Amino acid sequence: MASVKKSLLLSFAQRNGSLVIQFLSSLLIARLLSPHEIGIFSIGSVIVSFSHIVRDFGVANYVVQERELSPDRIRSAQAIVWITSVSIAAALLLGAGVAGELYSEPGVTLTMRVLAVNFLLLPLGSITMALMVREMQFARMFAINMTSCVVQNGTAILLAWLGAGFISLAWGTVAAGVVSAVGLLFCRQVNQPWLPGLKEWRRVFSAGTKLSGSSFFYELGQGGPELVCGKMLGFETVAYFSRGVGAASMLLRALVDGVVPVANSYFAKKSREDEGIKSHYLTAISYLGAFALPAFACLAVMAEPLVLFLYGEQWLEAARPMQIVSLGLAGIAIANIAGAVLVGSGRIGVNLKMHAMFQPLKVVMVFFASFAGLNALVMAVAFGDVIITWYSISRANRLVGASWSEFAASLLPTLGLALGTALVCAGSMTLGQGSGVALKVAIGSIAAGAGWLALLLAMRHPLVHEMRAKRA
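Within each chain, residues carry numbers counting from 1 in the order of the written sequence. For a predicted model such as this one, the threshold for reporting local features is a pLDDT of at least 70, and the threshold for listing and counting side-chain atom pairs is 80 or more; totals across whole chains, interfaces and linings nevertheless cover every residue. The side-chain figures draw on all heavy atoms in the structure; neither hydrogens nor water molecules are used.

Novice: Looking at this structure, I do not really get the overall build of the chain. What am I missing?
Specialist: Scanning the chain for helices and strands turns up 19 helices and zero strands. Buried residues are those whose accessible area, probed at 1.4 Å on protein chains only, stays under 20% of the maximum for their type, while exposed residues exceed 50% and partly exposed ones sit between those limits. The proportion of buried residues among the 472 residues of the chain is 55%. Accessible surface is estimated by sampling points in the Shrake-Rupley manner with a 1.4 Å probe; for residues, cover comes only from the protein chains shown. For the chain, the exposed area adds up to about 20,100 Å²; of that, 67% sits on carbon and sulfur atoms. Note on conventions: DSSP H or I runs of at least 4 residues are helices, E runs of at least 2 residues are strands, and numbering of each starts at the N terminus.

Novice: So what exactly am I meant to see when it comes to the packing of aromatic side chains here?
Specialist: By convention here, two paired aromatic rings are described through the distance between centres and the angle between planes. Any two rings among Phe, Tyr and Trp, with Trp reduced to its six-membered ring, count as a pair given centres within 6.5 Å; such a pair is stacked if its planes are under 30 degrees apart, edge-to-face if over 60, and tilted if neither. Scanning all chains against the criterion turns up eight aromatic pairs. Every member of this aromatic cluster is reached through a ring pair, and the members are Tyr240, Tyr311 and Trp315. The side chain of arginine 243 reaches across the aromatic face of tryptophan 315, ending 5.3 Å from its centre. In this scheme, Lys NZ or Arg CZ marks a charge over a ring once it lies within 6 Å of the ring centre and within 35 degrees of the ring normal.

Novice: Even after reading the chapter, I still don't get the packing of helix α17 (residues 404-431) against helix α18 (residues 437-458), so can you show me in this structure?
Specialist: For any two helices packed against each other, the geometry comes down to the angle between their axes and how far apart the axes lie. For helices, the axis comes from a line fit to the C-alpha atoms of the stretch in contact; other axes are also lines fit to C-alpha atoms, and the angle between any two N-to-C directions lies between 0 and 180 degrees. At a minimum axis distance of 8 Å, the contact between α17 and α18 shows a crossing angle of 150°. By the angle between their axes, α17 is roughly antiparallel relative to α18. Considering the relative orientation of α17 and α18, their crossing is right-handed. Seen from α17, the contacting residues are Leu417, Gly420, Thr421, Val424, Cys425, Ser428 and Met429; seen from α18, they are Lys440, Ile443, Gly444, Ala447, Ala448, Gly451, Trp452, Leu455 and Leu456. Side-chain classes are defined by residue name, with Ala, Val, Leu, Ile, Met, Phe, Trp, Tyr, Cys and Pro counting as nonpolar, Asp, Glu, Lys and Arg as charged, and the others, Gly among them, as polar. Partitioning the contact of α17 with α18 into residue classes produces ten nonpolar, five polar and one charged. By the definition adopted for this analysis, an angle is roughly parallel if under 35 degrees, roughly antiparallel if over 145, roughly perpendicular if from 65 to 115, and oblique otherwise. What makes a crossing left-handed is the near helix being turned counterclockwise from the far one by less than a right angle; a clockwise turn instead makes it right-handed. Whether two residues are in contact is decided by their heavy atoms, any of which lying within 4.5 Å being enough.

Novice: Would you mind showing me how to read unusual backbone geometry here?
Specialist: Despite not being glycine, serine 104 has its phi angle at roughly 55°, a positive value. Its location among the elements puts serine 104 in the loop between α4 (71-102) and α5 (106-115).

Novice: How should I be thinking about the packing of helix α11 (residues 235-256) against helix α13 (residues 278-311) in this particular structure?
Specialist: Two elements in contact, α11 and α13, have axes whose closest approach is 10 Å; the angle formed by their N-to-C orientations is 145°. The handedness of the crossing between α11 and α13 comes out as right-handed. Between α11 and α13, the contacting residues are Arg243, Ala247, Ala248, Leu251, Leu252, Leu255 and Val256 on the first element and Leu288, Phe291, Ala292, Ala295, Phe296, Leu299 and Tyr311 on the second.

Novice: Even after reading the chapter, I still don't get a nonpolar patch on the surface, so can you show me in this structure?
Specialist: What goes into a patch is any residue over 30% in relative accessible area without a salt bridge, connected to like charges within 9 Å or, for nonpolar side chains (Val, Leu, Ile, Met, Phe, Trp, Tyr), within 5 Å. Salt bridges are defined by distance alone: a side-chain nitrogen of Lys or Arg within 4 Å of a carboxyl oxygen of Asp or Glu. Judged by side-chain polarity, Val178, Val182, Leu185, Phe186, Trp194 and Leu195 come together as a nonpolar surface patch covering roughly 680 Å² of accessible area. Here leucine 195 lies in the loop between α9 (167-185) and α10 (201-233).

Novice: For this particular structure, what's the right way to read α17?
Specialist: Along an α-helix, a turn takes 3.6 residues, which lines up residues three or four apart on a common side. For a helix, the expected span equals 1.5 Å multiplied by the residue count minus one. If you check α17, its first and last C-alpha atoms are 40 Å apart, about what 28 residues at 1.5 Å a residue would give, namely 40 Å. For α17, every residue scored as buried is listed here: Phe407, Ser410, Leu411, Thr414, Leu417, Ala418, Gly420, Thr421, Ala422, Cys425, Ser428 and Met429.

Novice: Please clarify how the nonpolar core should be interpreted in this entry.
Specialist: For soluble globular proteins, the rule of thumb is that nonpolar side chains tend to be buried together. The nonpolar core is taken to be a set of buried Ala, Val, Leu, Ile, Met, Phe, Trp, Tyr and Cys residues, with the residues joined through side-chain atoms within 4.5 Å. Core analysis: the largest hydrophobic core is formed by 100 residues, its most contacted members being Val108 and Tyr281. Examining the composition of this core, we find that 15 residues originate from one element, α13, more than from any other. Those residues in contact with valine 108 that lie beyond four places of it in its chain are Ile40, Ile43, Gly44, Ile47, Ala99, Gly100, Tyr103 and Phe235.

Novice: Just checking my understanding: could you explain the state of the cysteines for this structure?
Specialist: Two cysteines, two sulfur atoms, one covalent bond between them: this is a disulfide. Cysteine sulfur pairs qualify as disulfides if the two atoms are within 2.5 Å. Evaluation of the coordinates by the stated rule reveals zero disulfides. Of all cysteine sulfurs, the one in cysteine 298 lies closest to cysteine 425, which takes part in no disulfide; the gap is 4.3 Å.

Novice: I would appreciate a short explanation of the pattern of salt bridges in the present structure.
Specialist: Oppositely charged side chains are able to pair whenever their charged atoms sit close together. Counted under the stated rule, the structure contains two salt bridges. Put simply, glutamate 406 and lysine 278 hold a salt bridge, and the shortest N to O gap is 2.9 Å. Highlighted residues: glutamate 406 in helix α17 and lysine 278 in helix α13, separated in sequence by 128 residues. Salt-bridge contacts for aspartate 385 lead to lysine 362; the nearest nitrogen and oxygen are separated by 2.7 Å. Within this pair, whereas aspartate 385 is found in helix α16 (residues 374-400), its partner lysine 362 is found in helix α15 (residues 348-369), the two being separated by 23 residues in sequence. For the residue pair aspartate 385 and lysine 362, the accessibility class agrees, reading buried in each case.

Novice: I'm lost on the environment of alanine 396 in this one. Help?
Specialist: Tracing the backbone through its elements, the reader meets alanine 396 in helix α16. Separated by 45 residues in the primary sequence, alanine 396 and asparagine 351 place their C-alpha atoms 9.9 Å from one another. Sequence-distant contacts of alanine 396, that is, excluding residues within four places in its chain, are made with Tyr281, Ala338 and Leu342.

Novice: Please explain the side chain of arginine 395 as it appears in this structure.
Specialist: Position of arginine 395 relative to the elements: it lies in helix α16. Charge assignment: positive for Lys and Arg, negative for Asp and Glu; neither His nor the chain ends contribute. Here arginine 395 sits buried without a salt bridge, and the closest side chain of opposite charge, glutamate 406, lies 16 Å off (N-O distance). If we ignore the near neighbours within four places in the chain, the residues touching arginine 395 are Leu342 and Val350.

Novice: Is there a simple way to think about the environment of threonine 155 in this case?
Specialist: Of note, threonine 155 is situated in helix α8 (residues 138-161). Judged by relative accessible area, threonine 155 falls into the partly exposed class, the value being 22%. Once the C-alpha coordinates of threonine 155 and serine 168 are considered, the two residues, 13 residues apart in sequence, prove to be 7.4 Å apart. The residues touching threonine 155, leaving out its near neighbours within four places in the chain, are Trp171, Gly172 and Ala175.

Here it is in structure tokens:
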């Protein structure tokens, strides 16, 4: 348990440290680039993000959860990564022009071609990174990922300041890829083979395609609405979507990105050891919910002054999408634990089925909602996330043997905590009416934090017992 807590601490430090850097960078970028320029990069990067999903056919996740990982299977995994990554890089370079014509914007083409360079760098370290996750070597990952993040955002800001425009964001991503590849070359495992092979390719490919399929459909649900928005409503509107939904997604990442890699490794380890995970699953739901649900409730309350404070009046239209999407993302935060249980326990087929059914459905709903404007489109996104949350939790409950009443018992105190914290935040915002935007945000944030802690203690939430036990 001590190693798990240490891994969680390092993972949280790395993920949230990266988010702080990205957040500060986004404030500067929002003032150096126009909404139209950011919209161009958003469309190009979203298209490329789909390619990232299939670049290794789920091989990295396969390496993490494989019960018997032999050298031949590692070699086969490396071979698949090289073949797919190089193929996708070539396809992006050749097909970027079609995307540019579809959106009538040559900047989309240029963005995609620059980002394609990363596919030639990723195979140098992807298997090494997967092995580090499998062995829970989060200290090394912390150093590599934080350095890459600093280089990426520093490069993007510098180029934007020099007048490079939207393409500065793409070159920042490539700079980060170079740093990550070099760092991972120095972190190779002692017995990790250098040369690829194909002896075990069928086993690796079979498991990997299911994992890759899940990731592809998940990415379809995440990036599809942005592509629909850009095509149906224009580059400026997609920039508002990207800023509002992106800021809420950044909060989601802050809450779960540090948990998910550790949870995947932990539940996979317990599964390999044939240990029961029901109590661990319900505890994780309760603990993560205590942070996630109040945080998203307060984000919805503070959306408008927060957007004004962070990005300025030109981005005010991003506030409503931020409020709407918070509901769905609060559920997705909890569903990440359920997903970690399914993947870690080897139920990759269930995970694939879920995303294959509901992510395309979400995109279809978004398409029809787009005719009613941006806010209706975001409502469709939130509704789709709620459906996915319900299905994911229901399958995880069935797998671990937990009833809905047991799940509700673990989450019910958290719902009260979220409601109470949101009311405190809203009340403080009312008292701060007429104040400057910065002061209003400060009052709301401090009141929300103090209210959350007071309610946590007053309700004797299970997280309090954990904190006291750790101190003892």
